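Working through the structure, step by step
Spelled out, the chains give:
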Amino acid sequence: MYDLPDLDTQCAALLQPLDPLLRDLLAGRINDVVSLDLADCTHFVVVQAGDTEADLIEALGFSPLVSRIDGIPLQPDWDWIEHHEGWVELVYTMGTDFAYIVFVEDAEGVLPELLALCRGGADL
């Protein structure tokens, strides 16, 4: 998992050996938040094979497998989803002044329940 809470860690991640598709997605979104002056209020998380629900809770402060609104398990409550080649992008807004952008690798070994939610929601 890449937990990228600030612009310094986000830019440093781009220097790591990343999947080229992920690098392009991440670089594009970092550029977007910087150009919109939202870098200080955007936290990126990259979910890959082997990451657990506990890892997600530690990074996000909540589980994407449980609705933040009513606590229903396996009820998606992201604010936006987009399916990219090999990746699913989720956006969770927290009030009016903060957002998490989560990239979930669409691959074997990634948390199956999260992939099922993403795959189902990507067609909505």
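Everything discussed here concerns the structure shown above.
Reading the values: rules and limits
- Residues numbered from 1 in each chain as written.
- Predicted model: local features only at pLDDT ≥ 70, side-chain atom pairs only at ≥ 80, totals over all residues.
- Heavy atoms only, no water.
- Core = buried A, V, L, I, M, F, W, Y, C linked by side-chain atoms within 4.5 Å.
- Buried < 20%, exposed > 50% of the residue type's maximum accessible area, 1.4 Å probe, protein only.
- Helix = DSSP H or I, 4+ residues; strand = E, 2+ residues; numbered from the N terminus.
- Contact = heavy atoms within 4.5 Å.
- Pairing = 2+ DSSP bridges.
- Phe/Tyr/Trp six-rings, centres within 6.5 Å; stacked < 30°, edge-to-face > 60°.
- Lys NZ or Arg CZ within 6 Å of the ring centre and 35° of its normal.
- Patch = residues over 30% accessible without salt bridge, like charges linked within 9 Å, V, L, I, M, F, W, Y side chains within 5 Å.
- Areas by Shrake-Rupley, 256 points an atom, 1.4 Å probe, with all protein chains shown as cover.
- Salt bridge = Lys/Arg side-chain N within 4 Å of Asp/Glu carboxyl O.
- Lys, Arg positive; Asp, Glu negative; His and termini not counted.
- Charge placed at Lys NZ, Arg CZ, Asp CG, Glu CD.

Counting residues in hydrophobic clusters, the biggest one holds 21 residues, and the most contacted among them are V47, L60, L90, Y92, V102, V104 and L114. If you list the elements that add at least two residues to this core, you get strand 2 (42-47), helix 3 (53-60), strand 4 (87-93), strand 5 (99-105) and helix 4 (112-121). Residue contributions to this core peak at four residues, all from helix 4. Beyond its immediate chain neighbours, meaning those up to four positions away, L90 contacts W78, W80, I81, Y100, I101, V102, V104 and C118.

Let's shift gears to the pairing of strand 2. With six of six residues buried, strand 2 is to be regarded as a mostly interior element. Burial along strand 2 is two-sided: the face carrying T42, F44 and V46 and the face carrying H43, V45 and V47 are both buried. Where strand 1 (residues 2-4) meets strand 2, three bridges bridge the pair, whose relative direction is antiparallel. When the sheet's bridge partners are listed, D3 is paired in strand 2 with V45. Where strand 2 and strand 5 come together, six bridges link them in parallel fashion. In the sheet register, T42 faces strand 5, and the bridge partner there is A99.

Moving on to the packing of aromatic side chains. Evaluation of the coordinates by the stated rule reveals four aromatic pairs. A ring pair is formed by F44 and F103, whose centres lie 6.4 Å apart and whose planes are at 5°; its orientation type is stacked. You can see F44 sitting in strand 2 and its partner F103 sitting in strand 5, a full 59 residues away along the chain. Assigned by exposure class, F44 and F103 land together as buried. Between the aromatic rings of F98 and Y100, the centroid separation amounts to 5.1 Å while the plane-to-plane angle is 80°, which identifies the pairing as edge-to-face. What makes F98 partly exposed here is its relative accessible area of 26%. In textbook terms, an aromatic cluster arises when at least three aromatic residues are bridged by ring pairs, as seen for F62, Y92, F98 and Y100. The ring of F62 carries R68 above its face, with NZ or CZ at 5.2 Å from the centroid.

Quick look at a negative patch on the surface now. Negative charge collects at one region of the surface, where D6, D8, D37 and D40 lie side by side. Mapping D8 onto the fold places it in helix 1 (residues 7-13). Classification of D8 by relative accessible area gives exposed; the value is 65%.

Another aspect to go through is the pattern of salt bridges. Pairs can form between side chains of opposite charge once their charged atoms are near each other. Here the structure, examined in full by the defined rule, presents six salt bridges. Among the ionic pairs, R29 bridges to D32, the shortest N-O distance being 3.5 Å. Separated by three residues within a single helix, R29 and D32 lie in helix 2 (residues 20-35), roughly one turn from each other. Among the residues examined, D32 registers a relative accessible area of 32% and is labelled partly exposed. Between E82 and R29 there is a salt bridge whose closest N-O contact spans 3.9 Å. With E82 in strand 3 (residues 80-84) and R29 in helix 2, the pair connects residues that are 53 residues apart, well separated along the chain.

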